[in-house]
Amino acid sequence: MLNVSDYSLIKLFVRPNLGFTSASSNYNVYLRYGSVQATFGLSLLDYGFDPYKFGSYQTITIPIEDFSFFTHGLNGKFQGFGFQMTTGSPVLNIDWVQLQGGIETGQSPYITDIF
């Protein structure tokens, strides 16, 4: 189990394949606890994701504070990530997901977990 307060950023390294073709499509990421969606979904489009950049990896950075928990009793705890896409038959390759706490300076505490 992970605690949101330990982290400041979530970074995703993703690559869209064919299937991401509709401008009205949603590409959302959310935090989950077991099989339960724990936060509202955030659109990757709002964080610089370009669904038409087929075959190219993109780094998407989302501040952890942008996630809004709606499941009562979790107190900012989560166990994983979920992705929701509402378009044709998209394929989103995810190379890695990184949780980062703080900014690496060589002197200050810094946490990074890569999955």
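Worth saying up front: this structure is predicted, and the values here are computed from it rather than measured.

Asks: Just to check I follow, could you spell out the overall build of the protein chain for this structure?
Replies: Counting its secondary structure elements, the protein chain contains zero helices and ten strands. Put simply, the protein chain runs from its N terminus to its C terminus through helices and strands in the order β-β-β-β-β-β-β-β-β-β. When burial is assessed residue by residue, the protein chain has 36% of its 115 residues classed as buried. For the protein chain, contacts bridging at least 24 residues in sequence account for 72% of all contacts bridging at least 6. By element, 50% of the accessible surface of the protein chain is carried by carbon and sulfur atoms, the whole surface being about 6,300 Å².

Asks: Sorry if this is basic, but what is going on with the packing of aromatic side chains here?
Replies: Within a pair of aromatic rings, the relevant descriptors are the distance that separates the centres and the angle that separates the planes. Taken as a whole, this structure holds four aromatic pairs when the rule is applied. Between tyrosine 27 and phenylalanine 49, the aromatic rings sit 5.5 Å apart at their centres with planes inclined by 65 degrees, giving edge-to-face as the arrangement. Residue tyrosine 27 is found in strand S3 (residues 27-33), and its partner phenylalanine 49 is found in the loop between strand S5 (42-43) and strand S6 (58-63); the two are separated by 22 residues along the sequence. For the pair tyrosine 27 and phenylalanine 49, one class covers both residues: buried.

Asks: I'm lost on the confidence of the model for the protein chain in this one. Help?
Replies: Summing up the model confidence of the protein chain, the mean pLDDT is 80 and the portion of residues at 70 or higher is 75%. Confidence, expressed as mean pLDDT per element, reaches its minimum in the protein chain at strand S10 (residues 111-114) with 65 and its maximum at S6 with 93.

Asks: Even after reading the chapter, I still don't get the side chain of serine 43, so can you show me in this structure?
Replies: Within the secondary structure layout, serine 43 lies in strand S5. Here serine 43 falls in the buried class, since its relative accessible area comes to 15%. Among residues more than four places away in sequence, those in contact with serine 43 are Tyr27 and Asn28.

Asks: Quick question: what am I supposed to make of the nonpolar core here?
Replies: Taken as a class, soluble globular proteins show a tendency for nonpolar side chains to be buried jointly. Formed by 21 residues in total, the largest nonpolar core has its most connected members in Ile10, Leu12, Leu31, Leu44, Ile62 and Phe67. Beyond its immediate chain neighbours, meaning those up to four positions away, isoleucine 10 contacts Leu31, Ile60, Thr61, Ile62, Ile64, Phe67, Phe81, Val97, Gln98 and Leu99.

Asks: Where do I start with the environment of glycine 55 in this structure?
Replies: Position of glycine 55 relative to the elements: it lies in the loop between S5 and S6. Setting aside anything within four residues of it in sequence, one finds glycine 55 in contact with Arg15, Pro16 and Asn17.

Asks: Even after reading the chapter, I still don't get the environment of isoleucine 60, so can you show me in this structure?
Replies: In this structure, isoleucine 60 sits in strand S6. On the basis of relative accessible area, isoleucine 60 is assigned to the buried category, the value being 1%. Residues isoleucine 60 and aspartate 46, spaced 14 residues apart in sequence, show a C-alpha to C-alpha distance of 9.7 Å. Not counting chain neighbours up to four residues away, the residues in contact with isoleucine 60 comprise Ile10, Lys11, Leu12, Val14, Leu44, Tyr47, Gly48 and Phe49.

Asks: Explain the side chain of glutamine 58 here, please?
Replies: Take glutamine 58: it is sitting in strand S6. Taking the relative accessible area as the measure of exposure, glutamine 58 reaches 7% and is therefore buried. There is a polar contact of 2.8 Å between the side chain of glutamine 58 and the backbone nitrogen of aspartate 50. Discounting residues that sit within four places of it in the chain, glutamine 58 has contacts with Leu12, Phe13, Val14, Pro16, Gly48, Phe49, Asp50 and Lys53.

Rules used in this analysis
Residues numbered from 1 in each chain as written. Predicted model: local features only at pLDDT ≥ 70, side-chain atom pairs only at ≥ 80, totals over all residues. Heavy atoms only, no water. Helix = DSSP H or I, 4+ residues; strand = E, 2+ residues; numbered from the N terminus. Buried < 20%, exposed > 50% of the residue type's maximum accessible area, 1.4 Å probe, protein only. Contact = heavy atoms within 4.5 Å. Areas by Shrake-Rupley, 256 points an atom, 1.4 Å probe, with all protein chains shown as cover. Phe/Tyr/Trp six-rings, centres within 6.5 Å; stacked < 30°, edge-to-face > 60°. pLDDT = per-residue confidence, 0-100. Core = buried A, V, L, I, M, F, W, Y, C linked by side-chain atoms within 4.5 Å. Polar contact = N/O pair within 3.5 Å; in protein donor to acceptor, adjacent residues only side chain to side chain.

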